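Chain residues, written in single-letter form:
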Amino acid sequence: MDSSRAMTTARPFRFGVVAAQAPSGAEWAAKARRIESMGYSTLLMPDGLRHSLAPLPALAAAAVVTGSLRVGTYVLANDFRNPVLLAKEAATVDVVSDGRFELGLGAGRPGAVDDNRMLGLPFGSGGERVAALAESLPLIKALLAGETSTATGPRYAAEAAEISPRPVQQPRPPILVAGSGRRILSLAAREADIVALGVAPTEAEAGVAERIAWLREAAGPRFGELELNMTLMAVGDQVPVWVSRQLGLTAEVLAGSGAASVLLGSLDEMCETLLRRREALGVSYVAVSDEMMETLAPVVERLAGR
């Protein structure tokens, strides 16, 4: 399939920063304000029991000290939370942020088995976890849209569930679903507003194009409504600490691999690369680790909103 057909009309660029930690509330607030001041659209937070702040309270705190910055989960592990309670908490974050919340969900990282064990939860197969997410998504969406909803399982049961107050964003806050396999991306194509493409650090653009072809097939007529997101693994000569420590990868190695998640060169060259990828793949929502947000800031200044 010709990946250049990914989007009929290019969406404007927006950029997000993935951040997880701060040693104090004051420093977390300062980080959020700094991200906003550089023109980034969104502060995004991962989910996990270790190595990060709890995303929903931390995002609410960040929203209170900023005026335009959107806040989003990137992404919540579906296993960890009851969908009715999650809808209630998501609506609350949307209220306290004055309508700046994005709810990102996933089936759980393959390496998240330790978190599930600490919570006393089984860690099912990939298919089982995607099936559970497929159950929870319609329930969460209905509740956020102000509907009374009943679910009969097999994973989740709810009787005449409803939440209040309603979110500020209508009909509901946008839903982001992240994944890399065909099954979860097909689910995202049917249910999500934003799709975060899970891409290996060394994966070439052909692999991304294949995933987008799966999305197109599963989404059908609604494909053009999807916003496509991807995280950069290298900007300039920087890579996130976890990429270098856990995977032993450097910016030079990634550059030599032709990876789609690498952004190198001068400011003009980096901007041209993102413009070309948007034309070829349709990716307009670009995320970067907070370790690299200063390096990407000139690109954000030039391309955000274009």
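It should be emphasised that the depicted structure is a prediction, and the values quoted were computed from it without experimental measurement.

### Focus: helix H10 (residues 267-281)
Across its 15 residues, H10 extends 21 Å between first and last C-alpha, which sits within 8% of the 21 Å expected from 1.5 Å per residue. If you check which residues of H10 are buried, you get Met270, Cys271, Thr273, Leu274, Arg277, Arg278, Ala280 and Leu281. Once H10 ends, the next one or two residues include Gly282, with phi positive near 85 degrees.

### Regarding the confidence of the model for the protein
Considering every residue of the protein, the mean pLDDT works out to 93; 97% of them sit at 70 or more. In the predicted structure, residues 1-8 sits below a pLDDT of 50 and forms 19 contacts with residues beyond four places in sequence or in another chain.

### Quick notes on the pattern of salt bridges
Pairs may arise between side chains of opposite charge once their charged atoms sit close together. Applying the stated rule across the entire model yields 17 salt bridges. We note a salt bridge from Arg155 to Asp79, for which the minimum N-O separation is 2.9 Å. Of the two residues, Arg155 sits in the loop between strand S6 (149-152) and strand S7 (157-161) while Asp79 sits in the loop between strand S4 (76-77) and helix H3 (83-96), which places them 76 residues apart along the sequence. Take Arg155: its relative accessible area is 39%, and that puts it in the partly exposed class. Counted as one network, the salt bridges with shared partners bring together Arg14, Arg70, Glu102 and Glu227.

### As for H3
Spanning 14 residues, H3 covers 20 Å between terminal C-alpha atoms, matching the ideal 20 Å at 1.5 Å per step. Within H3, burial applies to Pro83, Leu86, Ala87, Ala90, Ala91, Val93 and Asp94. Angularly, the buried residues of H3 cover 160 degrees about the axis, an arc narrow enough to put them on a single face. Residues of H3 that are buried make contact with helix H2 (55-64), strand S3 (70-73), S4, strand S5 (101-106) and helix H5 (126-144). Among the residues of H3, the N-terminal cap falls to Asn82, whose side-chain oxygen and the backbone nitrogen of Val84 are separated by 2.8 Å. Following H3 by one or two positions, Asp98 adopts a phi angle in the positive range, close to 60 degrees.

### Quick notes on unusual backbone geometry
In the segment running from Ser164 into Pro165, the intervening peptide bond is cis, with an omega of 0 degrees. Cis geometry marks the peptide bond from Gln170 to Pro171; its omega dihedral reads 5 degrees. In this structure, His51 is a non-glycine residue whose phi angle is positive, near 70 degrees. In this structure, His51 sits in the loop between strand S2 (42-45) and H2. Unusually for a residue other than glycine, Asp98 sits at a positive phi of about 60 degrees. Summarising the element assignment, Asp98 is placed in the loop between H3 and S5.

What counts, and where the lines are drawn
- Residues numbered from 1 in each chain as written.
- Predicted model: local features only at pLDDT ≥ 70, side-chain atom pairs only at ≥ 80, totals over all residues.
- Heavy atoms only, no water.
- Helix = DSSP H or I, 4+ residues; strand = E, 2+ residues; numbered from the N terminus.
- Expected span 1.5 Å × (residues − 1).
- Buried < 20%, exposed > 50% of the residue type's maximum accessible area, 1.4 Å probe, protein only.
- pLDDT = per-residue confidence, 0-100.
- Contact = heavy atoms within 4.5 Å.
- Salt bridge = Lys/Arg side-chain N within 4 Å of Asp/Glu carboxyl O.
- Arc of directions from axis to C-beta.
- Polar contact = N/O pair within 3.5 Å; in protein donor to acceptor, adjacent residues only side chain to side chain.

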